[in-house]
Amino acid sequence: MLSTETIATFRSQMRGTVIDPSEGSYEDARQVYNAMISRRPALIAKCADVADVMTAIRFAREQGVRVSIRGGGHNAAGLGVCDDGLVIDLSQMKFVQVDQATQTIRVGGGCTWGDVDHAAHAFGLAVPSGIIASTGVGGLTLGGGLGHLTRKHGLTIDNLLAADVVLADGRMVVAGAEENADLFWALRGGGGNFGVVTSFLFQAHPVDVVCAGPMLWELEDAADMMKWYREFIVGAPEEINGFFAFMTVPPGPPFPEHLHLKKMCAIVWCYTGSLEAANAILEPARSFRRPAWEHFGPMPFPMLQGMFDGLYPKGLQWYWKADFVKELTDEAIDLHVKHASELPTMHSTVHLYPVNGAASKVAKNETAWSYRDANWSQVIVGVDPDPAKKDAITAWARAYYDALHPYGAGGAYVNFMMDEGEDRIRATYRDNYERLARVKAQYDPENFFRVNQNIRPQTGATA
Ligand SMILES: Cc1cc2nc3c(=O)[nH]c(=O)nc-3n(C[C@H](O)[C@H](O)[C@H](O)COP(=O)(O)OP(=O)(O)OC[C@H]3O[C@@H](n4cnc5c(N)ncnc54)[C@H](O)[C@@H]3O)c2cc1C
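Here we summarise the structure given alongside this text. (Residues numbered from 1 in each chain as written. Predicted model: local features only at pLDDT ≥ 70, side-chain atom pairs only at ≥ 80, totals over all residues. Heavy atoms only, no water.)

The next point concerns the overall build of the protein chain. Scanning the protein chain from N- to C-terminus turns up 14 helices and 17 strands. Since a compact globule built from 463 residues should have a radius of gyration of about 23 Å, the 22 Å found for the protein chain is in line with a globular shape. If one aligns the C-alpha atoms of the protein chain with their principal axes, the spans along those axes are about 70 × 50 × 40 Å. Counting over 463 residues, the protein chain shows a buried share of 60%. For the protein chain, the accessible area works out to roughly 17400 Å², and carbon and sulfur atoms hold 51% of it. Charged side chains of the protein chain number 41 positive and 53 negative; the gap between the two group centres comes to 3 Å. (Helix = DSSP H or I, 4+ residues; strand = E, 2+ residues; numbered from the N terminus. Rg over C-alpha atoms; globule rule 2.2 N^0.38 Å. Buried < 20%, exposed > 50% of the residue type's maximum accessible area, 1.4 Å probe, protein only. Areas by Shrake-Rupley, 256 points an atom, 1.4 Å probe, with all protein chains shown as cover. Lys, Arg positive; Asp, Glu negative; His and termini not counted. Charge placed at Lys NZ, Arg CZ, Asp CG, Glu CD.)

Our focus in this paragraph is unusual backbone geometry. Here Pro253 and Pro254 are connected by a cis peptide whose omega angle stands at 10°. In this fold, Pro254 is placed in the loop between β11 (240-248) and β12 (263-271). The backbone phi angle of Asn180 is positive, close to 50°, even though this residue is not glycine. You can see Asn180 is positioned in the loop between β8 (172-176) and α7 (181-187).

Below, the discussion takes up the pairing of β11. Most of β11 is tucked away, with nine of its nine residues classed as buried. Residues Ile240, Gly242, Phe244, Phe246 and Thr248 point to one face of β11 and Asn241, Phe243, Ala245 and Met247 to the other, with burial holding for every one of them. Where β11 and β12 come together, nine bridges link them in antiparallel fashion. Looking at the pairing, Phe246 lines up with Cys265 of β12. Pairing analysis gives three bridges linking β11 to strand β16 (residues 349-354), with the strands arranged antiparallel. What sits directly across from Phe244, in β16, is Leu352. (Pairing = 2+ DSSP bridges.)

It is worth spelling out the site of the ligand at this point. Around the ligand, a shell composed of 35 residues is seen, among which Gly71, Gly73, Leu79, Leu146 and Tyr413 lie nearest. Between the ligand and Leu146, the relevant distance is 2.6 Å, taken from a nitrogen atom to a main-chain nitrogen or oxygen of the residue. A distance of 3.1 Å separates an oxygen atom of the ligand from a polar atom in the side chain of Asn415. Taken by itself the ligand offers 950 Å² of open surface, and the protein chains cover 98% of this. Of all the secondary structure elements, the ones that give two or more residues to the shell around the ligand are β3 (67-70), α5 (137-143), β9 (196-203) and β15 (317-325). (Near = heavy atom within 4 Å. Polar contact = N/O pair within 3.5 Å; in protein donor to acceptor, adjacent residues only side chain to side chain.)

On to the packing of helix α11 (residues 330-340) against helix α12 (residues 390-404). At their nearest, the axes of α11 and α12 sit 10 Å apart, and the two run at 170° to each other. Our classification of the angle between α11 and α12 gives roughly antiparallel. Counted together, Ala332, Leu335, His336, His339 and Ala340 of α11 and Trp396, Ala399, Tyr400, Ala403 and Leu404 of α12 form the full contact between these two elements. Its residues assigned to classes, the contact of α11 with α12 comprises eight nonpolar, two polar and no charged. (Axes fitted to C-alpha atoms, helices over the stretch in contact; angles between N-to-C directions. Parallel < 35°, antiparallel > 145°, perpendicular 65-115°, else oblique. Contact = heavy atoms within 4.5 Å. Nonpolar A, V, L, I, M, F, W, Y, C, P; charged D, E, K, R; others polar.)

As a general point, the strands of a sheet are linked pairwise by backbone hydrogen bonds and lie either parallel or antiparallel. Taken together, four strands build an open sheet; the order of strands is β1-β2-β4-β3 and the sheet is mixed. Each having just a single partner strand, β1 (17-19) and β3 make up the two edges of the open sheet. Across the sheet, the mean angle separating the axes of adjacent strands is 20° when strand polarity is ignored. Strand direction decides the pairing type here: strand β2 (residues 43-46) and strand β4 (residues 86-89), joined by four bridges, are parallel. Residue pairing for β4: Ala45 is matched across the bridge by Ile88. Packed on one face of the sheet, helix α3 (residues 50-63) meets β2, β3 and β4 and runs near 170° to β4.

Here five strands make up an open sheet; going across it, the order is β5-β6-β9-β7-β8 and the pairing antiparallel. In this open sheet, the two strands that pair with only one neighbour each are β5 (96-99) and β8. This sheet shows a mean twist of 15° between the axes of neighbouring strands, independent of strand direction. Of the pairings in the sheet, the one linking strand β7 (residues 160-166) to β8 comprises five bridges and is antiparallel in character. Following the sheet pairing, Ala162 is matched in β8 by Gly176.

Here is the structure:
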């Protein structure tokens, strides 16, 4: 229990707001994107600047309360919030500075990808991120970052040049190739285990208008389409990215009425080149099976990034299960089609994101993100607005996962995992885990930052 005086002193040291459960703003401030998560922190510190982050860390240490770090609040397992502890909420720490000369972008630790896309696009630039603009830069980057530009420009971490980090002892350090290189290695895939990143420095790329959008096929064609796709995407030019999806067609524009609420399969493309070249590359997809519908064409990159934001607002129930996949066998494909034909709700979906192309050119121990040899990161998500559907979407996702997991590569992308225990985390980092545990011991020996996909510090270790 924190006394009123203790909280008042903490407040007086902060530029940002400190919210306690007695305040009207508390209910809203404790919510995260996944409405299946409901946690009640003792305090939420909406930090205004780096000094606030340092103060919040020192306060938590002195008072012996656990902390969670909240970037965009999107995490599947709700790892941005914790019960009874202090939430270090970075949502007010938003700034994006574009350096045109070097095509680098410095991003505040509380930004969403929509903030970055907006600022970068004005200069004809983009940083590789995910597929939803409302996702936080912090969590997505530190977990790896898979999205529309992965095959061309790699994971988000492959474009990270440096980070400002406030450590567990309250000091701020810079992590980069030259400074604290071991910390920099660990940050690139190791999640929020090592400190609070107050700003990220990214290498951006000239990506302005892309040729992009979904093509949809009937579920009867899904097995054949998936077999076609598994060959195509592994050998395709890096300029084309396409993630495979099972989905239910939303009942509204731009989808044609005759497809509304129909279960279908899709590939969502993104090509960084001309429409003429895109059409030439995608001719085999169209001629193999004519899409039942498509919404493909030139669009500004931020439009693609925001394409699904309206469909997936904050406050839905989400249950996630994930695997890395090396081979999509015929048997696995049959199981996909079987379970996808039982999609329990309109929002529930399955995605297979390519990991090949530029992302696979980085060695598996060059960053903490180990699965460079996977071809896909697969995620099965049961989603619905209605809390009464929680059990149904969870049961469906688990059954789907149980059937497909034996065909997986072992681990799963940390950003697509719920709270699944240490074995799953070890399986994900493979032989990078021991080094991560040594770096953790050096920078956070007491496991102060433990509300995350936790890497336990290796006691007695030096990194
Ligand atoms: C709708 C949706 C779509 C998604 N699409 C993609 C996608 O296309 N590609 C992809 O790779 N991932 C995707 N994700 C997963 C996403 O990467 C994770 O949910 C990620 O954790 C979200 O980051 P956040 O900052 O919003 O999360 P938060 O819940 O705020 O934080 C999650 C964890 O990240 C850490 N963290 C966050 N910010 C910081 C920081 N500044 N410093 C230190 N630690 C920090 C903390 O440990 C925290 O526990 C998606 C998620 C959702 C819900």
